[in-house]
Amino acid sequence: MHDYDVLVLGGGSAGTSAARAAVEAGARTAMINDGELGGLCILRGCMPTKAMLASAHAMHAATWTAPFGVVSRGTVSADFPAIMDRKDRMVARFKKAKIDSIEAQRYEVIDARARFHPDGGLLVGGARMNARRYVLAVGSVPSSIPVPGMEHVEILSSDDVMKLREQPDCLVVQGAGPVAIEMALFFARIGTRVVLVNRSSCLKLHDREIGEEMKAALSHEPNLQVTAPGRIRGIAQEGDSGLFTIESDEASFTFRSSRLLMAVGRDAALEGLDLQYAGIRTIHGRIIHDSAMQTSNPEVYVAGDATGDCQVLHIANQEGAVAGTNAALARPEHRMDYRLKMSVFFSDPPLAAVGKTGPELQEAGIRFVSGTARFPETGRAIARGVQHGIWRLYADAATGEILGAVILGPNADDLIHIISTMMQYHGTARDIMDRMPWYHPTQSEVIMSLAREIIPLLDPAS
């Protein structure tokens with residue numbers, strides 16, 4: 001006997017997407033969620049951080065006026081409790097909308113912690129429960145790395161930042177991914193002195209030149225010092241603070257702070273699930289799965305941050321839909337297509353990427369050509385006072401089909417969707433030049449110069 005056709009563990013984006021898909025495929029479904037409904041994106045991730053960054057960018061815009069011939073004679077300061085109160089109001093609004101959408105669905109919601117039972121099925125709270133198939137969408141938890149002397153300071157995660165009520169005077173941020181860069185920029189722009197430390201260079205997986213451009217843009221911020229590559233050699237206790245010794249290839253320096261924000265990524269939240277009882281294999285904290293989101297146990301699927309792979313919301317939604325549908329149909333019929341995988345850093349300027357970038361194309365052995373434009377040398381960006389930014393477009397060397405792009409520049413988070421739309425329909429560099437109009441003066445028209453650079457590099461027969 002089975003209590004349900006499909007049981008989904010986790011109530012975030014991937015879990016709700018999986019449960020909805022399973023119901024739509026005709027399965028009797030329940031979603032088991034431990035604690036607060038809403039998911040990481042709404043409660044502690046995408047939405048609250050964007051609300052906080054909006055406040056920081058507003059303060060920056062109010063103070064950086066002189067280059068535009070606008071003189072400000074007043075003073076501008078950050079009201080940190082007011083910023084966090086605004087963030088909390090936004091979170092409450094988004095959370096209500098999410099819960100309303102969950103309550104409108106045709107699956108049951110069970111508030112409990114679940115784990116696999118050695119005799120089969122799940123232990124949900126104190127009760128046994130089983131299903132024909134399962135979807136693991138249990139989300140993620142903040143990662144950490146050891147730092148000598150870290151016991152002398154308060155260690156914050158990105159989750160902890162959401163609860164702060166007092167603005168730090170100084171802060172060390174460990175990491176250089178989207179969370180680290182966004183949090184470092186937020187605090188620096190509201191007046192906190194910040195040192196960002198990362199063991200490798202910025203954006204090393206994207207492109208070295210673009211990584212250096214990102215570092216230059218961040219280093220231009222008055223309250224932000226970037227040490228990447230670099231490392232924290234140690235933290236010594238000094239009164240109520242810690243004295244950080246930070247080392248790079250060029251120099252070593254000290255910095256006093258009572259807090260270290262550990263922003264080195266997130267790990268799949270697998271602890272306590274007893275995956276071994278279900279025969280679910282993992283490697284380096286990641287659940288092994290195929291493109292159908294099926295694990296080593298054919299009755300168990302996985303989606304979202306629980307995979308430990310690409311931890312972004314739109315991918316979580318897609319994976320949830322694939323996993324939930326396949327679980328309901330009892331066969332791995334639907335599969336993920338990561339060709340249009342996107343990533344975004346909401347920095348200033350923002351960074352966005354889609355498809356495969358240069359290092360990935362080289363590793364895959366794909367022949368490609370590329371075009372590059374620097375935003376500070378383009379018309380609309382010059383008028384806006386843009387100081388940093390690079391747009392690089394990649395195309396197949398034989399056909400000119402667009403394979404990917406990296407954009408570091410104004411509105412990159414929106415511009416990237418031009419590229420993803422073109423890739424969806426297998427557009428080419430010649431399509432950009434010959435078949436599509438581009439309004440002047442806009443940021444998007446920069447793509448014409450990229451295509452113009454690519455076309456002469458294509459194989460003559462193409």
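Structure: above.
What you see is a predicted model, and the numbers here were worked out from it, not measured in a lab.

Novice: Honestly, the nonpolar core in this entry has me stumped. Any pointers?
Specialist: A general tendency of soluble globular proteins is for nonpolar side chains to be buried together. One finds Leu7, Phe116, Leu122 and Leu136 to be the most contacted residues of the largest nonpolar core, which totals 48 residues. Elements represented by at least two residues in this core include exactly β1 (4–9), α1 (13–24), β2 (29–33), β4 (114–116), β5 (122–124), β7 (131–136), β20 (300–302) and α8 (313–329). Setting aside residues up to four positions removed in sequence, leucine 122 forms contacts with Leu7, Leu9, Ile32, Ala114, Arg115, Phe116, His117, Ala127, Arg128, Met129 and Tyr134. Counting residues in hydrophobic clusters, the runner-up holds 42 residues, among them Met162, Met183, Leu203 and Met214.

Novice: Would you mind showing me how to read the pattern of salt bridges here?
Specialist: Should the charged atoms of two oppositely charged side chains come close, the side chains can pair. One pass over the full model with this rule turns up 22 salt bridges. The residue aspartate 88 makes a salt bridge to arginine 165 at a minimum N-O spacing of 3.6 Å. In this pair, aspartate 88 is assigned in helix α4 (residues 80–103) and arginine 165 in the loop between α5 (158–161) and β10 (170–174), connecting sequence segments 77 residues apart. Among the residues examined, aspartate 88 registers a relative accessible area of 35% and is labelled partly exposed. A salt bridge links arginine 266 to aspartate 159; the shortest N-O distance between them is 3.4 Å. Of this pair, arginine 266 sits in strand β17 (residues 266–268) while aspartate 159 sits in helix α5, and the two are 107 residues apart along the sequence. Classification of aspartate 159 by relative accessible area gives buried; the value is 14%.

Novice: Is there a simple way to think about the packing of aromatic side chains in this case?
Specialist: What characterises a pair of aromatic rings is the spacing of the ring centres plus the angle enclosed by the ring planes. With the rule as written, the count across this model stands at 7 aromatic pairs. Consider the rings of phenylalanine 80 and phenylalanine 187, whose centres lie 6.3 Å apart with planes at 25°: the pair is stacked. Taken together, the residues phenylalanine 80 in helix α4 and phenylalanine 187 in helix α6 (residues 178–189) connect sequence positions 107 residues apart. Across the pair, phenylalanine 187 and phenylalanine 80 agree in class, each one buried. Here the aromatic rings of phenylalanine 116 and tyrosine 134 are separated by 5.8 Å at their centres, their planes lie at 75°, and the arrangement is edge-to-face. Remark: tyrosine 134 occurs in strand β7 and phenylalanine 116 occurs in strand β4; sequence separation between them is 18 residues. In this structure, phenylalanine 116 and tyrosine 134 share a single accessibility class: buried. What links up through ring pairs into an aromatic cluster is the set Phe80, Phe186 and Phe187.

Cut-offs used in this document
Residues numbered from 1 in each chain as written. Predicted model: local features only at pLDDT ≥ 70, side-chain atom pairs only at ≥ 80, totals over all residues. Heavy atoms only, no water. Core = buried A, V, L, I, M, F, W, Y, C linked by side-chain atoms within 4.5 Å. Buried < 20%, exposed > 50% of the residue type's maximum accessible area, 1.4 Å probe, protein only. Helix = DSSP H or I, 4+ residues; strand = E, 2+ residues; numbered from the N terminus. Contact = heavy atoms within 4.5 Å. Salt bridge = Lys/Arg side-chain N within 4 Å of Asp/Glu carboxyl O. Phe/Tyr/Trp six-rings, centres within 6.5 Å; stacked < 30°, edge-to-face > 60°.

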